[in-house]
Amino acid sequence: MPLPEEPNAIPATGESGRRVSRKTVLRAAAALGAAPLLIGAPVALARDRTGPAGATLAPTPDCHDGDGPTVEQMEGPYFKPNSPLRDSLVTSGTPGTRLTVTGYVFGRGCRPIPGVLIDFWQADHAGAYDNSGYRFRGHQFSTAQGSFSLTTIVPGLYPGRTRHLHVKLQAPGRRVVTTQLYFPGEPRNNTDSLFDSRLLMNLRQAGPGQEGTFDFVLDVPQDPTTPPTTPPPTTPPTGTWTAGRAYRAGDGATYAGLAYRCLQAHTAVAGWEPPNVPALWQRL
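Attention here is on the structure that accompanies the text. Since we're looking at a predicted model, the values are computed, not measured.

### Focus: the sheet that holds strand β6 (residues 176–182)
Here is step 1 of the chain: On the basis of which strands lie adjacent, the open sheet formed by four strands has the order β3-β2-β5-β6 and antiparallel pairing. Edge positions in the sheet fall to β3 (137–141) and β6, since each has one partner strand and no second. Neighbour to neighbour, the strand axes of the sheet diverge by 20° on average, direction disregarded.
Here is step 2 of the chain: Alignment of strand β2 (residues 117–121) against strand β5 (residues 164–170), held across five bridges, turns out to be antiparallel. In the sheet register, Leu117 faces β5, and the bridge partner there is Gln170.

### Brief notes about empty space enclosed by the protein
In this approach the atoms are scanned with a rolling probe the size of a water molecule, which exposes any empty space left behind.
Here is step 1 of the chain: Evaluation of the coordinates by the stated rule reveals one cavity of 30 Å³ or more.
Here is step 2 of the chain: Each pocket or cavity is described by its volume, and for the largest cavity that value is around 30 Å³.
Here is step 3 of the chain: If you go around the largest cavity, the residues you meet are Gly115, Leu117, Gln170, Ala171, Pro172, Gln264, Ala265, His266 and Leu280.
Here is step 4 of the chain: Looking at the lining of the largest cavity residue by residue, the class counts come to five nonpolar, four polar and no charged.

### A closer look at the side chain of Lys80
Here is step 1 of the chain: One can find Lys80 in the loop between α1 (22–31) and β1 (98–106).
Here is step 2 of the chain: In this structure, Lys80 is buried with no salt-bridge partner, the nearest side chain bearing the opposite charge being Asp130 at 5.8 Å.
Here is step 3 of the chain: There is a polar contact of 2.9 Å between the side chain of Lys80 and the backbone oxygen of Gly133.
Here is step 4 of the chain: The contacts of Lys80, once residues within four sequence positions are left out, are Asp130, Asn131, Ser132, Gly133, Tyr134 and Arg137.

### Points about the nonpolar core
Here is step 1 of the chain: Grouped together as the largest cluster of nonpolar side chains are 34 residues, with contacts concentrated most on Val105, Val116, Ile118, Leu169, Phe216 and Leu218.
Here is step 2 of the chain: Looking at this core, the elements with two or more residues in it are β1, β2, β4 (147–153), β5 and β6.
Here is step 3 of the chain: Residues contacting Ile118, with those up to four places away along its chain left out, are Val105, Gly138, His139, Gln140, Ser142, Phe148, Val167, Lys168 and Leu169.
Here is step 4 of the chain: Listed in part, the 12 residues of the second largest apolar core include Phe141, Tyr260, Cys262 and Trp272.

### Focus on the environment of Leu194
Here is step 1 of the chain: Looking at the secondary structure, you find Leu194 in the loop between β6 and β7 (202–206).
Here is step 2 of the chain: As a C-alpha pair, Leu194 and Gln180 span 14 residues in sequence and 9.3 Å in three-dimensional space.

### Describing the environment of Asp196
Here is step 1 of the chain: Mapping Asp196 onto the fold places it in the loop between β6 and β7.
Here is step 2 of the chain: Asp196 gets classed as buried once you look at its relative accessible area, which sits at 2%.
Here is step 3 of the chain: Side chain to side chain, Asp196 and Arg198 meet in a polar contact 2.6 Å long.

### Let's talk about the pattern of salt bridges
If charged atoms from side chains of opposite charge come close, those side chains can pair.
Here is step 1 of the chain: One pass over the structure, following the stated rule, counts 10 salt bridges.
Here is step 2 of the chain: Where Asp196 meets Arg198, a salt bridge forms, and the shortest distance between an N and an O atom there is 2.6 Å. For the residue pair Asp196 and Arg198, the accessibility class agrees, reading buried in each case.
Here is step 3 of the chain: The residue Glu211 makes a salt bridge to Arg204 at a minimum N-O spacing of 2.6 Å.
Here is step 4 of the chain: The class of Glu211 is partly exposed, set by a relative accessible area of 33%.
Here is step 5 of the chain: With relative accessibility at 44%, the residue Arg204 sits in the partly exposed group.
Here is step 6 of the chain: Shared partners join several salt bridges into a network, and the residues in it are Asp124, Asp130 and Arg135.

### With respect to the pairing of β5
Here is step 1 of the chain: For β5, the buried fraction is high: seven of the seven residues fall into the buried class.
Here is step 2 of the chain: Count of turn residues in the β5/β6 antiparallel hairpin: five residues, of which Gly173 carries a positive phi of about 75°.

### Here's the deal with the pairing of β6
Here is step 1 of the chain: Burial analysis of β6 places six of its seven residues in the buried class, which makes it a mostly covered element.
Here is step 2 of the chain: With seven bridges joining them, β5 and β6 adopt antiparallel strand pairing. Paired with Lys168 across the two strands is Thr178, which belongs to β6.

Each value, and the rule that gives it
- Position labels on residues start from 1 in each chain and follow its written sequence.
- Confidence filtering applies because this is a predicted model: local features only for residues at pLDDT of at least 70, side-chain atom pairs given and counted only at 80 or more, and all residues used for totals across whole chains, interfaces and linings.
- Side-chain numbers come from the whole structure's heavy atoms, not from hydrogens or water.
- Strands are treated as partners if at least two bridges between them are detected by DSSP.
- The way it works is that DSSP assigns letters per residue, a run of H or I at least four long becomes a helix, a run of E at least two long becomes a strand, and they are numbered from the N terminus.
- Here, axes are lines fitted to C-alpha atoms. For helices the fit covers the stretch in contact, and angles between N-to-C directions go from 0 to 180 degrees.
- Only protein atoms enter the 1 Å grid, on which a cavity is a set of points fitting a 1.4 Å probe that cannot get out and a pocket is an open set with protein on both sides within 12 Å along at least 5 of 7 lines, lining residues being those with an atom within 4 Å of a point.
- Grid points are joined across faces, edges and corners, and a volume is the space filled by probe spheres set on the points.
- Side-chain classes are defined by residue name, with Ala, Val, Leu, Ile, Met, Phe, Trp, Tyr, Cys and Pro counting as nonpolar, Asp, Glu, Lys and Arg as charged, and the others, Gly among them, as polar.
- Any residue under 20% of the maximum accessible area for its type is buried, any over 50% is exposed, and the rest in between are partly exposed; the area is computed with a 1.4 Å probe on protein chains only.
- In summary, the charge assignment counts Lys and Arg as positive and Asp and Glu as negative, without counting His or the chain termini.
- What counts as a salt bridge is simple: a side-chain nitrogen of Lys or Arg found within 4 Å of a carboxyl oxygen of Asp or Glu.
- The term polar contact refers here to a pair of N or O atoms within 3.5 Å; inside protein, the definition further demands a hydrogen-donor-capable atom paired with an acceptor-capable atom, and it admits residues adjacent in sequence only when both atoms are side-chain atoms.
- Residue contacts follow a heavy-atom distance rule, with two residues in contact if any of their heavy atoms lie within 4.5 Å.
- For the purposes of this section, nonpolar cores are sets of buried Ala, Val, Leu, Ile, Met, Phe, Trp, Tyr and Cys residues that join through side-chain atoms within 4.5 Å.

By themselves, these are just geometric observations and shouldn't be taken as functional.
Below is the structure:
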């Protein structure tokens, strides 16, 4: 049985002096059962940037409706590197209530970010993590439109925590962001010391399963006047792959005696070595 995860030092929602946005209020209400998300009272999403009479707002320094980037939370004791590249964590025989989570990854200008590495992990229907294998663990990359889709199950409960999904995100060339996603209407939301209403998914019933949506916002500047960069040409290997090093598209590196070419800019992270992430590295 998993042990309770330790609280971290993230400020609580509603901290004195913090400006509370419309989305934060909606999510706080949802946590208390005042906003029935399953029956048509959705939490605001980053993609919902419309003004009076549906007029589209111009990009602003902060995405959403006044909130900053997605709130970060602790990794917890059950993260494992080297997760498989996949967007479905279930098979036809997997027990549990089916859950599909979809959304987008945006930068600070409310424009989608393609190629973001998104790593999910969670407990099974009984509240247990697979620490010897990779059940309910997997990573994917946001599409050219910045979207993602995860097929999984609703995680079970275990002592000390409410229901949640763990997530790590890394935009090309940026640092890793770690957070968690929560379920509206859960009784334990009120007693879990890590719960943050800003991380509530928008959830609805879909037949026997559930469908959730959440838009991540990363602290990535987006200047609409900046033209897209052209990847540098392929270069021969320039050294051994090293965690923490920033690689550009076209950079070369060796790992375990084999040569690889970087396919998209990113900062290397332990667990995402070249043979493990074919979307980032091509073997030469």
